[in-house]
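# Observations on chain architecture
Next come the chains, spelled out residue by residue.
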Amino acid sequence: MAAVLLAGHARADDNDQEIARRALLEGRIKSLSEITKAVEPKLPGKILSVEIDVEDNGQIVYEFDVIDPAGRLYEVEVDAATGKILKIEDDD
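This one's a predicted model, so the numbers in the text were calculated from it and none came from an experiment.

Reading the values: rules and limits
- Residues numbered from 1 in each chain as written.
- Predicted model: local features only at pLDDT ≥ 70, side-chain atom pairs only at ≥ 80, totals over all residues.
- Heavy atoms only, no water.
- Salt bridge = Lys/Arg side-chain N within 4 Å of Asp/Glu carboxyl O.
- Helix = DSSP H or I, 4+ residues; strand = E, 2+ residues; numbered from the N terminus.
- Buried < 20%, exposed > 50% of the residue type's maximum accessible area, 1.4 Å probe, protein only.
- Pairing = 2+ DSSP bridges.

## Details of the pattern of salt bridges
Under the defined criterion, the tally for this structure stands at six salt bridges. Between Arg21 and Glu18 there is a salt bridge, with the nearest N and O atoms lying 2.8 Å from each other. Of the two residues, Arg21 and Glu18 both sit in helix H1 (residues 2–25), three residues apart, roughly one turn of that helix. Take Glu18: its relative accessible area is 31%, and that puts it in the partly exposed class.

Shown next, in the form of structure tokens:
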């Protein structure tokens, strides 16, 4: 049963990637490099990783994992179309 759930999750992630790729090619979202340049100065620390996700409402967001100088982890959600920071959440 767990294998089936994991396989289904992988397909959903693949689908998100395809939706995001298409949106980027159509100019509906900004590239990761554009978004990073815009939001990096506003982040509470250093970027560790980033994912792209399609929300249930169809909005595409970049999810940054960030670590501050004190070692606290944050998840930062950024609108892929506008570059607006939507949420900064303590991930500890």
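## Some thoughts on the pairing of strand S2 (residues 60–67)
Among the eight residues in S2, six count as buried, and that is most of the element. Relative to S2, strand S1 (residues 46–54) runs antiparallel, the two being bridged by eight bridges. Within S2, the residue paired with Glu51 across the bridge is Glu63. Linkage of S1 to S2, two consecutive antiparallel strands, is achieved through a turn of five residues, within which Gly58 is found at a positive phi near 95°. Both S2 and strand S3 (residues 73–79) contribute to a ladder of seven bridges, which runs antiparallel. Bridge assignment links Val61 to a residue of S3, and that residue is Asp79. Where S2 folds back onto S3 in an antiparallel hairpin, the turn is made up of five residues, including Gly71, whose phi is positive at roughly 90°.

Interpretation note: all reported values are geometric properties and have no functional meaning in isolation.
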